[in-house]
Amino acid sequence: MTTTLIRMATTAALTALATGAGADESAVRAMLARTFPQSPVESIARTPVAGLFETEIDGQMFYVSEDGRYILGGPLIDARNQVNLTEERLAEINAIPWDSLPLNLAIKRIRGAGTRRIAIFEDPDCPYCKKLEQTLNGIDDVTVYVLLYPIDELHPHAVDKSRAVWCAKDRAKAWEDIMRTGVSPPNTSSCDDPIATIASFAKQHRIVGTPTMVLSDGRRLVGAVPRAELEKQLLRAAKR
């Protein structure tokens, strides 16, 4: 076969592959649009598994056959390397860049040197937030940014308590006191508060529960994470 024919055959093969890949993605996208009509498809990409696409919808990961017929919920596990591929991708998808956080609206507390950093969306009446605060009392060398995020559907008095903390003369002390006793700080006057702005940011990033933590590398943790795990994640984030 001449060089010209080889070049023509190679070009034809590559064109066919590209067309096939495009057709596969089109089938997947069309099927997803029918299945999730109210939810936009954030991304579609091939996985390491032949014939399987991954797609992000509303912060969740789904896997779709290349003909668009079958949908599978995760997790997808790399058994050889013992890696949860779904978990890793969701961590990337749901990460919040540290510099994008509204830290100017946070209550800042420094423990020890404060070289490690963590931001936490918290509700003063959330029992898991109180448990997390107890855990934080035993952790040194960390700067904690508390972002007031009262969930009034669950805790009707949380908004008023959050405002009282923000308007207190010493916000950090007021926060620590209310998380310990449940009692709002006394003699606080009204002031402008950031609660609505923080809530808007939280909803934009699909933060729906408290406590939700954002590490300095952007990864998020949800719930009252045990101390050993929290220390591990703080160390991992600090190394990045």
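The paragraphs below set out a description of the structure included in this document. Given the structure is predicted, the values throughout are model-derived calculations rather than measurements. The written sequence of each chain sets the order in which its residues are numbered from 1. pLDDT decides what is reported in this predicted model: residues at 70 or higher carry local features, side-chain atom pairs at 80 or more are listed and counted, and totals for whole chains, interfaces and linings draw on all residues regardless. Excluding hydrogens and water, the side-chain figures rest on all heavy atoms present in the structure.

1. Details of the overall build of the chain
Item 1. For the chain, the helix and strand inventory stands at seven helices and eleven strands.
Item 2. Radius of gyration means the value over C-alpha atoms here, while the globule rule gives 2.2 Å times the residue count to the 0.38 power. A compact globule built from 240 residues would reach a C-alpha radius of gyration of about 18 Å, whereas the chain, at 24 Å, exceeds it by more than 25%.
Item 3. Expressed along its principal axes, the backbone C-alpha trace of the chain runs to roughly 90 × 40 × 30 Å.
Item 4. The buried label applies to any residue whose accessible area, calculated with a 1.4 Å probe on protein chains only, is under 20% of its type's maximum; exposed applies above 50%, and partly exposed to all values in between. Per-residue burial for the chain yields a buried fraction of 42% across its 240 residues. Put simply, DSSP H or I for four residues or longer makes a helix, DSSP E for two residues or longer makes a strand, and each gets a number counted from the N terminus.

2. Examining the packing of aromatic side chains
To describe a pair of aromatic rings, you give the distance between the ring centres and the angle between the ring planes.
Item 1. In this analysis, rings of Phe, Tyr and Trp, with Trp reduced to its six-membered ring, are considered paired at centre separations within 6.5 Å, and the interplanar angle assigns stacked below 30 degrees, edge-to-face beyond 60, and tilted for intermediate values. Under the counting rule described, the total for this entry stands at four aromatic pairs.
Item 2. Between Phe121 and Phe201 the ring centres are 6.2 Å apart and the planes differ by 5°, which places this aromatic pair in the stacked class. One end of the pair, Phe121, is in strand β8 (residues 116-122); the other, Phe201, is in helix α6 (residues 195-204), and 80 residues separate them in sequence.
Item 3. A residue is classified by how much of its surface remains accessible, and Phe121, at 0% relative accessible area, is buried.
Item 4. Taken together, the ring pairs in this structure connect Phe121, Tyr149 and Phe201 into an aromatic cluster.
Item 5. In this scheme, the term charge over a ring applies when either NZ of a lysine or CZ of an arginine sits within 6 Å of the ring centre and within 35 degrees of the ring normal. Sitting above the plane of the Trp166 ring, Arg171 keeps its charged end 3.6 Å from the centroid.

3. Here's the deal with helix α4 (residues 158-167)
Item 1. The element α4 is extensively covered by neighbouring structure, given that eight of its ten residues are classed as buried.
Item 2. For α4, the set of buried residues is Ala158, Val159, Lys161, Ser162, Ala164, Val165, Trp166 and Cys167.

4. Comments concerning the environment of Ile57
Item 1. Along the polypeptide, Ile57 turns up in strand β2 (residues 52-57).
Item 2. The spacing of Ile57 and Ala172 is 115 residues in sequence and 38 Å in space, taken between C-alpha atoms.
Item 3. Any pair of residues with heavy atoms lying within 4.5 Å of one another is described as a contacting pair. With residues up to four places along the chain from it excluded, the contact list for Ile57 reads Leu32, Phe36, Ser39, Pro40, Val41 and Phe62.

5. Structural notes on the nonpolar core
Item 1. The term nonpolar core refers to a set of buried residues drawn from Ala, Val, Leu, Ile, Met, Phe, Trp, Tyr and Cys, joined through side-chain atoms within 4.5 Å. In terms of nonpolar packing, the biggest core is built from 27 residues, with Ile107, Ile118, Trp175, Met213 and Leu230 touching the most fellow members.
Item 2. Elements represented by at least two residues in this core include exactly β8, α3 (127-136), β9 (142-148), α4, α5 (171-181), β10 (212-215) and α7 (227-239).
Item 3. Ranked by residue count, the leading element in this core is α5, at five residues.
Item 4. Those residues in contact with Trp175 that sit more than four places away from it in its chain are Ile107, Arg109, Glu122, Asp123, Pro124, Glu133, Val146, Leu148 and Val165.
Item 5. Listed in part, the 17 residues of the second largest apolar core include Leu105, Ala119, Leu147 and Ala202.

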